[in-house]
Each structure stands twice: as C-alpha cells, then as structure tokens.
Amino acid sequence: MASRESLPHIPDIPTTPERVLAEKSQETRESEPLTAEQIKERVAELFELSGARAEAGKHAREAWGGLTKSEREELKGKGEEAVSAHLEAARLDPELVEFRETTLEEYDGRIAELSGNSQVLDAYKNRFGELKDTLARAVSYEHLRQEEDVVIKAEQKLRKLYEEIGRAPGPIERKKLIALSDRRKEIEENLKSFELDPKTIDMLRRREVRRMQHDLERYSFAETESRQELIRQVLPDLLQGAPVLFQGETGSGKSQLAKYISERYLGKTPTIVSVSEQIKESQIMGSRGLEAGQTVFNYSEFVKAQKEGRPIILDEVNLMPHEFAGLLHDLLQKRVGDVWVHPTTGEKIPITAPIMATANLKSERYKQRYELDVATLRRFIGGAGAREINYLDIGKKDKEGNPIAPETLKILSAVLADRHGDIQWSEEEAMQKVEEMKRFVQACRKIQEDFTLSVREGGEESLARGDRLAFKELVITLKDQIEIMKAWKASGFQEPLDSIVLREFFHKAEISGRAAKDRENMIKVFIANKLFQNTKPEDFKIQGLSPKAVRQWQGKE
Amino acid sequence: MPFEAYKIYQEYEPDKYKTSTQEKVARALAEAKKEGLEPVKEALDFNEVRELFENDFIGIEEVEKFTGRPLTPEEKRIAEEKWQKKIEEQGLTKEGLEQLKQEGFMVVLRVGALAGKEKKDKEMPVTIKNLRKKFPLFYNQDWYNNEQFADEALGGLDWGIVKKELLDETRSKNWDEQQEILKTWAEAHGVPEKFVRRRTPTEVAYDVLAYFQARNQRILEKDWDWTSVQSSDGKFVNVGGFDSDGLSVSSAARVARSSHLGVCPAR
C-alpha cells in the first residue's frame, strides 16, 4: 500500500463552511443535541450547498464583470453611483447582478445556519477529512499511471528513433534505455502493490467523469480509450512534424480530433483551412498585392501558420483539385528542424508544427468529391499515417455477440452527470432510465452502422440483405446524441427520452421533406428499440410517412 | 440518493480498477490455474442457490415466463448485483441458506413490470390491480378497487427470501405481538432486525402467483399473510386463502387474532 508519507500533499485549507463562518464572524454554538440521523442529513445538505456555492460564487463574479468578492465590497463602499458607473461601463445587467448576489448570500446564509451547530460542523469536517484521504490515494494512483504512461512513451520514442536511423544505440544511449525500462518495471510493481479500496475506486471513477466533462466543455471532445490509443499511435510522429490524415464518415469527429490533438497535446491553437473545390492557389500560398504603391506578397493564413509554428488542419482535403495538391507535396515531406522554402518569395521557413488533414471517405454519397491522389496519400502514409476514424463503438460486441456501445455511454453519462459525477435519478427510477438510455444509444449505433454501409457500398439494392436500412443523407452523430442528453438533463428528466429525441432531433431536422426516407428509417430503428411506442405518426412531422406503417412497427396493427 | 454516472458503463470495464481483495483473488486464481488446480467457487451464485432451493427458487427464467417479458441484459446484471448485495448485507452463507430452505423459505426474484394481457398491450407496473388484470386467479372482490394499496407498484427489481407459509408462532397473535415475534425470530437467526420484515400486499400477491405459475402449486391456500400496509380504514391488509376460488385480499384491525392470520417473514 502507498504509505501515507508518499501520498501527495493536499493543503490544509479551511472548509467552505469554516470560511463562510469566518466571513460572517460567526462562531459555532452548542445547541440542543441532534440525533445521528439529523446530523447525517445536515452534513449531506452542507456538502451539497458547499459544492454548489463554488458555482454560485463563479456566477456572481461573472455577473459583476470579473470582480472578486473583496473588490465588489470595495466598490459598494464607494457608494451607489460608483456601482452604477461600473455596471454601465462594463455593460452589465443590474438585474442579473442582483440575482446572482442575493443567491450567493442565501447560500452563505444557509451554510452558516447549518454549520453554526458545532456537532454538524465537526461531523462535516470529519467527513471532509476522510474524503481528503481518499482523494490523496486516488491522486497518488493516477500519478503512478501517468508516470507509467510517460515512461512507456519515452521508451518507445527512443527505440523508434534508432529504428528509423537504422543504427544500434551506443553505450550511453543503452544506459538511458535500460534506466527507462527499469523505472517502468518499478512503477508496474508499485501499481501492483497499490491497495485500491472501494472508496478510492469510487473517487477514481468520479474523477474520470469529471475529466470527461472538462474536456467536453473545453475542447468539445472526449478522449475515450479508442481515441486515446489512436492519439498514442500518431503523437510521436506529429511531434516530429510528420503529417497525418484522418478519413471517415461525416460526424465521426475527425476535425474535432485534429483540433483536440493540436490544443491538448501540441499546446497550440491550429489554423483551420476549409478546403473546397473552388480553392485557389493564393489561398494556399498567398497573393501579390499593392501597399503604398509597392508590390508586396501577402502570405495566406496557411503560410502564416507555418511561420508562427501553429499546426494546420486542412479540412476535407479530398476536395482539393489534384493540380493544387502538388503544391503541398514538398511541404508534407518536411519534418521539425527542416526548412521549407516558399516557392514565390523564397523565404526560408523553419518547420515547427505538423499538418493534419481530414477527408470524407470516397463513397457513392460523395460522388462529386475527388479521391485523394496517390502521391498525396503516400506522403501522409509516410508521415503519421492515413487513419480511418469510424463512429465510436462500431462493431463492438459483448461475449455473447450482442452489440454494445461502452465509449458512447461513457461520454453521454458524463453529459448527464453533475460536477460530482452523480445523475439526479432516484434508485427506483435509475434502472428504467439506464435501460431507456441504452436502447437509445443502441438505436443510434444501428443507424450509424447502416449509414456507414450505405455510403460505402451505395445503392439501396445492395443493402436489401439482412435488416440493414439505407441512409443516404442523414445520420445521428455523437454530437446529436450529446445535445439530446443535455436537453433531457435540462428537463430534470421529467420528459420521456423519446419526446426529447422527437423535439431535439426529428423536428430540428425537418427541412421541407428532405431526407424524409432517412428519417422514416430512423423512426423504424427507434421503434424496434422500444422508443416511440405510443407516438402518433403525425407527431413525427415527416412528409409521406405512412401512419399505417408506423402503427405496424409499433405492433398496433 | 442520486445515481453514480459511472455505473452506466462500468460493466464494460471489469478490469479497470480492482480492489486489493479482488486483485488477490485474481492472482490466487491465476496461480491455481497455472498449477492445474480447479478453483473452488464461492458457493452462493445463482446456480448453486437454485440447486439448494430446488423448486423453491423462482429465478430469472421462471419470472420471465410469469411476467411474459424477457429480462434485458441490464436487468440480468442488476439481478446478479442485487443478489450479491443481499448476501453481503445480510451475511448469508451457504449454511444459512440451507437452514432457511429447511425452514420452508423460498427465494424469489421480483421485477417491476409485467407484459400486457395481450401481445399488443403495453407493459404495466406490478400492482395488485394489474396482477388481477393479467391473471384470472383472484377471488371475486371489489372492496379494494379504490384502495391506494391496490395501485402500489413493486419498487423495482430485487430478491426476496421469504417463508412460503406462516411462521407458526405468529398465528393467533395480534399485529403488534407479531412484530415482537419477528424481532425474536431475527435475533434467533442472527440477523439484524431491519432485515426481517413483513411483505407488502403486492409482494404477497406476486410471490404467490409466481410460485403457482412456475410450480403449479398453491401456497397460502388456507392462511393469510398479514402485511405492513394499511387500508383506508386503518386496518392492516392481509393476502392469502389461495384456494380454487382464487387469491383473496382482506384486512383486519391490529387487535384482531386468528389461527389463520400470521406472518411469512421476509428478508
């Protein structure tokens, strides 16, 4: 077991109730003794209030245009005029300011009321102390895992380097490699002997949910296992400046993945160049112009990004006409440390960041699109690779062969959860809600699978076999599923999930009869997964949808 | 109590985090396998309990037939989880279960929903009224049509370990005296009081009918199980008398006594 001494230090700062009491200069009091049950209830409330207070404090600060509590007090001390002037200058809404401020005060009031009782405060502090210990163990475990990851990556990178340059490591390098390998073994041993108790596991799982929430908020992307594995594979090459190509269906998250890698792992905001068939050479290399009577060459955003060392994302690179693709060939072969010479200006630009490109797979659906020429494709393959990005969980099955969608469920669970990793379902309703959610995800997965097959194989005829349905234009993406979950959560889970799907997806996708057949097929899939069992055919608002067919799918005729 | 989000997907990551005990067990099993030894399994999984209780085990298959609706993989998983929770919570051992079997207990899986009467009908929650709607096995009575208890649904999927017939000591005792007997019974069986209780009317009806459908045998044929639930006039509801006229639902004042009115302890 990790000894207490080796656990990370979690600072001993006063708890929220203690801080609130101090701010109010209030002391705890001995009042009539409470029963154990009463103390438990109050401590639970205090935990909830303390957690929510952090958010309320943040909201109050935002409403005041970023002023901290002491800054606000100082401003208020200068009088009403000063306050009004600040609100006006910063264009702040006084009504919102008041609402946020009074809400925060009410939080503090209730926290002070509960924690004013010494029995409650002591019990709260004890519980808080236990949580801190658990947190220390969880953090310690995570640190070991992270260190293991770093050591493995470093070892792989060095070995790869020697493979590429085709020589054996010298004595000093060998020593370094052995040291890395020893450290890895040491960490593995530490991990083996790390005693995980149920509370620490609970904390680790909750922290995972929270991290996913952070990533979704910050990057609109969640790093699940399969995506993590992919990143692990391409990252060493990307760090060397090698290009990568992500190919896949619409909505499979290719561009988002490239953006995420750039921001999270390369630490730089990328320049995104949306490629179209009409793209001009000047949009890639730049163009001549006049400035104060002088001819100047204005670099494109693409070249500027190269100069500034920012990664470039060429979105839908397959739309680029072949004659322009050649412009990129030289650049795609450069790596960090190389110099690229601009073909027009002759400026020498050192390479410091990679090019990432995305492409929709050539398909029946995208007939008008160019297929990426072999020469360009080869340059990606010679770089970090041309990788196929499928919808999450496609093809995954459990031991009995039933389709499962663990990664999608993981992301959607994080969307439904609050900041503590809990979903506001009672124990009684949870089972039915989980079931409902799983059926929804199952239906979405089926639609994505059939869509993938439709666009790759084309033609409805070839899809007639099995229970596959043809989807030509519309698919329900992970982003759509996330939006549906958000709306469900916002309804306080009062509305049935299928009525949210109807409102947030079907009614929003209702564009004068377009993709009507796709939407009809979707309904069929959802009904087969026991959603929309009692929805009236007309409520779907799909042109030409046969009420009789819907009732048959619902088993009513 | 809110629901932990990770519970939605943790079944797909069984090896991600293991408690030290789980790790030790896994290592020991791997070691035993290497040595060519067959691991001795914990004696309380479904199959063994089924073997132990024989006809008095109403598990997944029986309940699927009884309710007319197959359990989803998620429900099956929860059933397993709840069983483990129950044996852990109550400290049940193989020996303890053997003793309960000897004393006339059965193990029954209760679920929250029934298939409709006809195929096209919607699923419905398990209530006395819905059970009566689905199975023509109730005595013809209408006094409880407007009673709240008749619409009270089972609380969702869970296991019951319940005595099939009345505990003899509870016969001819009033309701409060029976409560005391239950406490004594709990103590004698080394189980905390809170785990020994009376059933609700819906639970009695469900258990009796499920047993009948699965085994074609009537329980509580001549006796009534006095429940924890009151009818609108303040009396306590009792369910039983499941003879050829059908299952009857009645009520009695807490001071009442009858040799046919007792309690089937439930855990």
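Just so it is clear, the model here is predicted, and its values are computed rather than measured.

Enquirer: Just checking my understanding: could you explain the sheet that holds strand 5 (residues 312–315) of chain A for this structure?
Expert: By definition, the strands of a sheet pair up through backbone hydrogen bonds, in either a parallel or an antiparallel sense. All names here are of chain A. The 5 strands lie next to each other as 2-5-8-1-9, forming an open sheet whose pairing is parallel. Looking at which strands have only one partner, the edges of the open sheet turn out to be strand 2 (271–274) and strand 9 (385–389). In this sheet, adjacent strand axes meet at a mean angle of 20 degrees when their direction is disregarded. Bridge count for strand 1 (residues 244–248) against strand 8 (residues 355–360) is 5 bridges, and the pairing is parallel. From the neighbouring strand, L245 faces strand 8, where its bridge partner is A357.

Enquirer: Sorry if this is basic, but what is going on with the interface of chain A and chain B here?
Expert: In many reports, interface size means the accessible area that the parts give up when they come together. At the junction of the two partners, chain A supplies 37 residues and chain B supplies 29 residues. For the pair chain A and chain B, the summed buried surface comes to about 3000 Å²; carbon and sulfur atoms form 58% of the total. Inspection of the region where chain A meets chain B yields 6 salt bridges. For K16(B), the salt bridge is made with E208(A), and the minimal N-O distance between the two is 2.6 Å. Run the count over chain A and chain B and you get 12 residue pairs in polar contact (both at pLDDT 80 or more). Broken down by secondary-structure element, the contributors of at least two residues to the side of chain A that touches chain B are helix 8 (198–219), helix 15 (406–416), strand 10 (422–423) and helix 16 (427–457) of chain A. Taken together, the residues of the side of chain A that touches chain B break down into 16 nonpolar, 6 polar and 15 charged. Pairing of strand 10 of chain A with strand 1 (residues 3–4) of chain B, which is carried by 2 bridges, proceeds in the antiparallel orientation. By the bridge assignment for strand 1 of chain B, I423(A) is matched with F3(B).

Enquirer: I tried to follow empty space enclosed by the protein on my own but got confused; where do I start?
Expert: Where empty space is left in the structure can be found by rolling a water-sized probe over the atoms. Residue and element names in this part refer to chain A. Following the criterion strictly, the structure yields 2 cavities of 30 Å³ or more and no others. For the largest cavity, the calculated volume is near 50 Å³. Every residue lining the largest cavity is listed: G241, P243, Q306, L331, L332, K334, R335, I351, A353, P354 and I355. Its residues assigned to classes, the lining of the largest cavity shows 7 nonpolar, 2 polar and 2 charged.

Enquirer: Could you clarify how one ought to interpret the packing of helix 3 (residues 60–67) of chain B against helix 8 (residues 201–215) of chain B in this entry?
Expert: Axis angle and axis distance: for two packed helices, these are the angle between their axes and the distance between the axes, and together they describe the pair. Residues and elements named next belong to chain B. Between helix 3 and helix 8, whose axes approach to 9 Å, the crossing angle comes to 100 degrees. Between helix 3 and helix 8, the angle is such that the two are roughly perpendicular. Between helix 3 and helix 8, the contacting residues are E62, V63, F66 and T67 on the first element and Y206, L209, A210, Q213, A214 and R215 on the second. Counted by class, the contact of helix 3 with helix 8 contains 6 nonpolar, 2 polar and 2 charged residues.

Enquirer: Explanation requested: the confidence of the model for chain B in the structure shown.
Expert: In regions of low pLDDT, the predicted coordinates are not meant to be interpreted in detail. All names here are of chain B. Of the residues in chain B, 96% have a pLDDT of 70 or more, and the chain-wide mean is 88. At the level of individual helices and strands, chain B shows its lowest average pLDDT in helix 1 (residues 20–34), which scores 72, and its highest in strand 3 (residues 105–110), which scores 96. Contacts from residues 39–43, a stretch scored under 50 in pLDDT, to residues over four places away or in other chains number 4 contacts. With pTM at 0.67, the complex prediction returns an ipTM value of 0.82.

Enquirer: Whenever I open this one, the confidence of the model for chain A confuses me. Can you help?
Expert: All names here are of chain A. Chain-level pLDDT for chain A is 87 on average; 93% of the residues reach the 70-or-more range. Note that pLDDT drops below 50 for residues 1–5; the model gives that stretch 7 contacts with residues more than four away or on any other chain. Contacts for the low-pLDDT stretch residues 460–465, under 50 throughout, to residues beyond four places or in other chains number 11 contacts.

Enquirer: Help me understand the side chain of R205(A) in this model?
Expert: Looking at where R205(A) falls in the secondary structure, it is placed in helix 8. Overall, the relative accessible area of 3% leaves R205(A) in the buried class. Those residues in contact with R205(A), other than ones at most four positions away along the chain, are Y6(B), Y9(B), Q10(B), E13(B), K16(B) and Y17(B).

Enquirer: Mind showing me how you'd approach helix 2 (residues 46–53) of chain B here?
Expert: Quick reminder: α-helices carry 3.6 residues per turn. Residues three or four places apart thus point the same way. All names here are of chain B. Restricting attention to buried positions, one finds in helix 2 the residues F46, V49, L52 and F53. Projected down its long axis, helix 2 carries its buried residues within an arc of 125 degrees, all on one side. Residues of helix 2 that are exposed and angled more than 90 degrees away from the buried face: N47 and E51. In this structure, the buried side of helix 2 is in contact with strand 2 (57–58), helix 3, helix 4 (73–90), helix 5 (94–102), strand 3 and strand 6 (158–163). Immediately downstream of helix 2, the backbone of E54 shows phi near 50 degrees, a positive value.

Enquirer: I'm lost on the side chain of T227(B) in this one. Help?
Expert: All names here are of chain B. By the element assignment, T227 lies in strand 7 (residues 224–230). Overall, the relative accessible area of 0% leaves T227 in the buried class. A distance of 3.2 Å separates a polar side-chain atom of T227 from the backbone nitrogen of V229.

Enquirer: How should I be thinking about the environment of E449(A) in this particular structure?
Expert: Residues and elements named next belong to chain A. Within the secondary structure, E449 is located in helix 16. Placed 26 residues apart in sequence, E449 and V475 show a C-alpha to C-alpha distance of 9.5 Å. When residues no more than four places from it in sequence are discounted, the contact partners of E449 are I394 and G395. Engagement of the side chain of E449 in a polar contact is seen with the backbone nitrogen of G395, the distance being 3.5 Å.

Enquirer: Help me understand unusual backbone geometry, please; the structure alone is not making it clear to me.
Expert: Most of the time, phi is negative for any residue but glycine, and the peptide bond is trans. All names here are of chain A. Look at F493: it is not a glycine, yet its phi comes out positive at around 60 degrees. In this fold, F493 is placed in the loop between helix 17 (478–490) and helix 18 (497–506). Owing to a relative accessible area of 7%, F493 belongs among the buried residues under this scheme. Positive phi values are uncommon outside glycine, yet F532 reaches one of about 50 degrees. Relative to the helices and strands, F532 resides in the loop between helix 19 (516–528) and helix 20 (547–553).

Each value, and the rule that gives it
- Residues numbered from 1 in each chain as written.
- Chains lettered and ligands numbered in written order.
- Predicted model: local features only at pLDDT ≥ 70, side-chain atom pairs only at ≥ 80, totals over all residues.
- Heavy atoms only, no water.
- Pairing = 2+ DSSP bridges.
- Helix = DSSP H or I, 4+ residues; strand = E, 2+ residues; numbered from the N terminus.
- Axes fitted to C-alpha atoms, helices over the stretch in contact; angles between N-to-C directions.
- Contact = heavy atoms within 4.5 Å.
- Buried area = accessible area lost by both parts, 1.4 Å probe.
- Salt bridge = Lys/Arg side-chain N within 4 Å of Asp/Glu carboxyl O.
- Polar contact = N/O pair within 3.5 Å; in protein donor to acceptor, adjacent residues only side chain to side chain.
- Nonpolar A, V, L, I, M, F, W, Y, C, P; charged D, E, K, R; others polar.
- 1 Å grid on protein atoms, 1.4 Å probe; cavity = no way out; pocket = protein on both sides within 12 Å on 5 of 7 lines; lining within 4 Å.
- Points joined across faces, edges and corners; volume = space filled by probe spheres on them.
- Parallel < 35°, antiparallel > 145°, perpendicular 65-115°, else oblique.
- pLDDT = per-residue confidence, 0-100.
- Buried < 20%, exposed > 50% of the residue type's maximum accessible area, 1.4 Å probe, protein only.
- Arc of directions from axis to C-beta.

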